[in-house]
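Given next are the chains, with one letter for each unit.
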Amino acid sequence: MSTREALAALIERFAPDEGPVETCCPRVNLYRVHAPTEPMHAVHDPSFCVLAQGRKRVLVGDAVHEYDDVNFFLSSIDVPVAGQVIEASPEKPYLAFRVVLDANLISEMIMECGLAARLDAAAPLVGGMSAGAMTPQLFDAACRMVGLMDCPEDAPILAPLIEREMLYRLLTGPQGPRLAQIARRDGRLRQVNRAIGWIKRNFDQPFSIDAVADEARMSASALHQHFKAVTSLSPLQYQKQIRLQEARRLILVQRLDAATAGHTVGYDSPSQFSREYARLFGAPPLRDVARLREQPEPVAGA
């Protein structure tokens, strides 16, 4: 049995039903999906995602990323995405492993392993999301992490060691510069992250590029350039997606009417809100939410 097949068997055992499963390991989740899905809209955390079976497409702005059982997916920044499982069946379900990345741990690993100079030299600002080739070593580490669910009392000691091993493999591989961006405290990604933080805190307020640029400590033109390079979105597009995803949640979960939800997230014009909502989600609010209530959208994640 290959390491990929071993990981698939473990995920099938510990995630027997459709949907996400929390594990005994910090920030680690498993996912199982039995059929292709519609695009699932969410804000994607910085994370390392491995597929043991199936295929997924992630859309952010104009960029399209696909990954499968031979390519992992690495995200180094919070960004609104539309994720869609495109290959899955009851006989051969989509099976995924995901660990949310810890910037402080990555920073520690870079220093302990003496990788700072090499990664800094190799690292102009790159996009915040990418697929990379899986290796037997990464599959093996994922297997051992998932296998801890058989012995959860071992997880507090062994899970951090396995996570460090994964990070070491990633940092010393082709995706090392992208992963290292998360840990840089004075780099462009950190400045873009400050801009993202401002937008997320003030998404329901009128957009001010000057205020966002001040928060990022960049000029407005530099902010546009670097924000787009990392997220594939402009700052204003990012705010719109955050607003619309929150409005969708308010309508679906809190059962607000569309006009109230739109006003709550910062829209003064109900018609503008409805147009932009339909452009992102494919249907006006009432029709979109009715569809979701008939066929609940799977939880987004890996």
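Relevant structure appears above.
Rules and cut-offs
- Residues numbered from 1 in each chain as written.
- Predicted model: local features only at pLDDT ≥ 70, side-chain atom pairs only at ≥ 80, totals over all residues.
- Heavy atoms only, no water.
- Pairing = 2+ DSSP bridges.
- Helix = DSSP H or I, 4+ residues; strand = E, 2+ residues; numbered from the N terminus.
- Axes fitted to C-alpha atoms, helices over the stretch in contact; angles between N-to-C directions.
- Buried < 20%, exposed > 50% of the residue type's maximum accessible area, 1.4 Å probe, protein only.
- Parallel < 35°, antiparallel > 145°, perpendicular 65-115°, else oblique.
- Contact = heavy atoms within 4.5 Å.
- Nonpolar A, V, L, I, M, F, W, Y, C, P; charged D, E, K, R; others polar.
- Core = buried A, V, L, I, M, F, W, Y, C linked by side-chain atoms within 4.5 Å.

Asks: Any chance you could explain the sheet that holds strand β3 (residues 40–44) here in plain terms?
Replies: Whether parallel or antiparallel, the strands of a sheet pair through hydrogen bonds between backbone atoms. What the 4 strands build is an open sheet, ordered β3-β8-β5-β6; its pairing is antiparallel. Only two strands of the sheet have a single partner each, and these edge strands are β3 and β6 (63–67). Strand-to-strand twist of the sheet, defined as the mean angle between neighbouring strand axes without regard to direction, takes the value 30 degrees.

Asks: Can you walk me through the pairing of β6 in this structure?
Replies: Look at any regular strand and the pattern is simple: side chains alternate between the two faces of the sheet. The side-chain alternation of β6 yields one buried face, formed by A63, H65 and Y67, and one unburied face, formed by V64 and E66. Pairing analysis gives 5 bridges linking strand β5 (residues 55–60) to β6, with the strands arranged antiparallel. Within β6, the residue paired with V60 across the bridge is A63. Remark: 2 residues form the turn of the hairpin made by β5 and β6, two consecutive strands paired antiparallel; G61 in that turn has positive phi of roughly 60 degrees.

Asks: Could you clarify how one ought to interpret the packing of helix α7 (residues 188–201) against helix α9 (residues 220–231) in this entry?
Replies: The axes of two packed helices give the description: the angle between them and the distance between them. Where α7 meets α9, the closest approach of the two axes is 10 Å, and the angle between their N-to-C directions is 95 degrees. With respect to α9, the element α7 is oriented roughly perpendicular. Across the interface between the two elements, R188, L189, V192, A195, I196 and I199 from α7 touch L223, H226, F227, V230 and T231 from α9. Grouping the constituent residues of the contact of α7 with α9 by class yields 8 nonpolar, 2 polar and 1 charged.

Asks: Any chance you could explain the nonpolar core here in plain terms?
Replies: With 49 residues, the main nonpolar core has V79, Y94, L223, F227, Y238 and F273 as its most contacted residues. When sequence neighbours within four positions are dropped, the list of residues in contact with F273 reads L244, A247, I251, A258, G262, Y267 and P285. In terms of nonpolar packing, the next biggest core, distinct from the first, is built from 45 residues, L10, L30, F72 and L179 among them.

Geometry only, nothing functional implied.
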